[in-house]
Amino acid sequence: KAGVTQTPRYLIKTRGQQVTLSCSPISGHRSVSWYQQTPGQGLQFLFEYFSETQRNKGNFPGRFSGRQFSNSRSEMNVSTLELGDSALYLCASTPSEAAKNIQYFGAGTRLSVL
Amino acid sequence: QKEVEQDPGPLSVPEGAIVSLNCTYSNSAFQYFMWYRQYSRKGPELLMYTYSSGNKEDGRFTAQVDKSSKYISLFIRDSQPSDSATYLCAMSVYNQGGKLIFGQGTELSVKP
């Protein structure tokens, strides 16, 4: 079974631009969560989607948004990029509602904002 | 103060040593406890998960949860150079399953 797939793997943007990252969960997984990982703050929860609905949201500004499609694939968007948005963005999926606390991660998208 | 505290290390041990990694937490509502391993330039890989208190063993790895002390541990027996990675503890409340709270991660180096 293929794992969580994130594209692209690397991205370079400039301040003020916007960016869209994509995540395909493991086949059959319906819940997708997004995290930001930085050396200073570690892994921080961004949001969770289940059945195309945002179910949970972390403490990030409104510039960070996401969505989920009917096939469970998810995208996150960051508008008006800031230098501090440079990070590894990780997507994770869960196998079932009964095991929604168990998450499997993709390799991440490394975003650099110049 | 962070909800989950983890010593970032780095921790360096000789091959074959027993490694002990620990996290403390402040939120008594946490019920699920996970350990992830992350190699450089990779995503976190789930190693162990435990519900509530108790011990769980999987090969060379043992996870312990002490909810009364708000303390969790991961033990690695017969450590190998391939175990060199960053180890992250993570926790969640049952009804917020999609939201994991992570420790800062401990960087482990196992020397041949």
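Since we're looking at a predicted model, the values are computed, not measured.

Participant: Whenever I open this one, the overall build of chain B confuses me. Can you help?
Facilitator: Across its full length, chain B holds zero helices and eleven strands. Going residue by residue from the N terminus, the α and β elements of chain B occur as β-β-β-β-β-β-β-β-β-β-β. In terms of overall dimensions, chain B has a C-alpha envelope of 45 × 30 × 20 Å along the principal axes. Counting every position in chain B, which comprises 112 residues, the buried fraction comes to 45%. Put simply, chain B shows about 5300 Å² of open surface, and 47% of that area lies on carbon and sulfur atoms. The positive charge centre, built from 11 side chains, and the negative charge centre, built from 11, are 6 Å apart in chain B.

Participant: Would you mind showing me how to read the state of the cysteines here?
Facilitator: Should the sulfur atoms of two cysteines be covalently bonded, the bond is a disulfide. Summed over the entire model, instances satisfying the criterion amount to two disulfides over all chains. There is a disulfide in this structure between C23(A) and C91(A), and the S-S distance comes to 1.8 Å. Judged by the sign of its S-S torsion, about -60 degrees, the cystine formed by C23(A) and C91(A) is left-handed. On the criterion of sequence distance, the pair formed by C23(A) in strand β3 (residues 19-24) and C91(A) in strand β9 (residues 87-94) is long-range, its members being 68 residues apart. Given the relative accessible area of 0%, C23(A) is considered buried. According to the relative accessible area criterion, C91(A) is buried, its value standing at 0%. Each disulfide pairs two cysteine sulfurs, and for C23(B) the partner residue is C89(B), the sulfurs being separated by 2.0 Å. One disulfide, between C23(B) and C89(B), carries an S-S torsion of -105 degrees and so falls in the left-handed class. Linking C23(B) in strand β3 (residues 19-25) with C89(B) in strand β9 (residues 85-92), this pair joins segments that are 66 residues apart in sequence. Across the pair, C89(B) and C23(B) agree in class, each one buried.

Participant: What am I meant to see in empty space enclosed by the protein here?
Facilitator: Empty space among the atoms becomes visible once a probe the size of a water molecule is rolled across them. Applying the stated criterion to the full structure yields one cavity of 30 Å³ or more. Considered as a void within the structure, the largest cavity measures approximately 50 Å³ in volume. In terms of lining, the largest cavity is formed by R9(A), Y10(A), L88(A), A107(A), G108(A), R110(A), R41(B) and K42(B). Taken together, the residues that form the lining of the largest cavity break down as three nonpolar, one polar and four charged.

Participant: Looking at this structure, I do not really get the pairing of strand β5 (residues 42-50) of chain A. What am I missing?
Facilitator: Moving residue by residue along a regular strand, the side chains alternate between the two faces of the sheet. Residue and element names in this part refer to chain A. Counting buried positions over the nine residues of β5 gives eight, a clear majority of the element. The hairpin turn running from strand β4 (residues 31-38) into β5, its antiparallel successor, is three residues long. Both β5 and strand β6 (residues 53-57) contribute to a ladder of four bridges, which runs antiparallel. Directly across from Y49, in β6, lies its bridge partner Q54. Taking the residues that link successive antiparallel strands as the turn, the β5-β6 hairpin has two residues, and the phi of S51 there is positive, at about 50 degrees.

Participant: What should I look at first to understand the interface of chain B and chain A in this one?
Facilitator: As a measure of interface size, the accessible area lost when the parts come together is often cited. The interface of chain B with chain A comprises 23 residues on the first partner and 23 residues on the second. Taken together, the connections running from chain B to chain A amount to zero salt bridges. Run the count over chain B and chain A and you get eight residue pairs in polar contact (both at pLDDT 80 or more). For the side of chain B that touches chain A, the secondary-structure elements that each account for two or more residues are β4 (32-38), β5 (45-51) and β9 of chain B. Among the residues forming the side of chain B that touches chain A, the class breakdown is eleven nonpolar, eight polar and four charged.

Participant: Before we go on, may I ask you to explain the pattern of salt bridges in this structure?
Facilitator: Proximity of charged atoms lets side chains of opposite charge pair with each other. Applying the stated criterion to the full structure yields eight salt bridges over all chains. For E75(A), the salt bridge goes to R73(A), with nearest N and O atoms at 3.4 Å. Given a relative accessible area of 24%, R73(A) falls into the partly exposed group. The closest approach of N and O atoms between R60(B) and D83(B), which form a salt bridge, is 2.9 Å. On the criterion of sequence distance, the pair formed by R60(B) in the loop between β6 (54-58) and β7 (61-66) and D83(B) in the loop between β8 (71-76) and β9 is long-range, its members being 23 residues apart. Note on D83(B): relative accessible area 1%, which makes it buried. Put simply, R63(A), E82(A) and D85(A) are held in one network by salt bridges that share partners.

Criteria and thresholds
Residues numbered from 1 in each chain as written. Chains lettered and ligands numbered in written order. Predicted model: local features only at pLDDT ≥ 70, side-chain atom pairs only at ≥ 80, totals over all residues. Heavy atoms only, no water. Helix = DSSP H or I, 4+ residues; strand = E, 2+ residues; numbered from the N terminus. Buried < 20%, exposed > 50% of the residue type's maximum accessible area, 1.4 Å probe, protein only. Areas by Shrake-Rupley, 256 points an atom, 1.4 Å probe, with all protein chains shown as cover. Lys, Arg positive; Asp, Glu negative; His and termini not counted. Charge placed at Lys NZ, Arg CZ, Asp CG, Glu CD. Disulfide = S-S within 2.5 Å. 1 Å grid on protein atoms, 1.4 Å probe; cavity = no way out; pocket = protein on both sides within 12 Å on 5 of 7 lines; lining within 4 Å. Points joined across faces, edges and corners; volume = space filled by probe spheres on them. Nonpolar A, V, L, I, M, F, W, Y, C, P; charged D, E, K, R; others polar. Pairing = 2+ DSSP bridges. Contact = heavy atoms within 4.5 Å. Salt bridge = Lys/Arg side-chain N within 4 Å of Asp/Glu carboxyl O. Polar contact = N/O pair within 3.5 Å; in protein donor to acceptor, adjacent residues only side chain to side chain.

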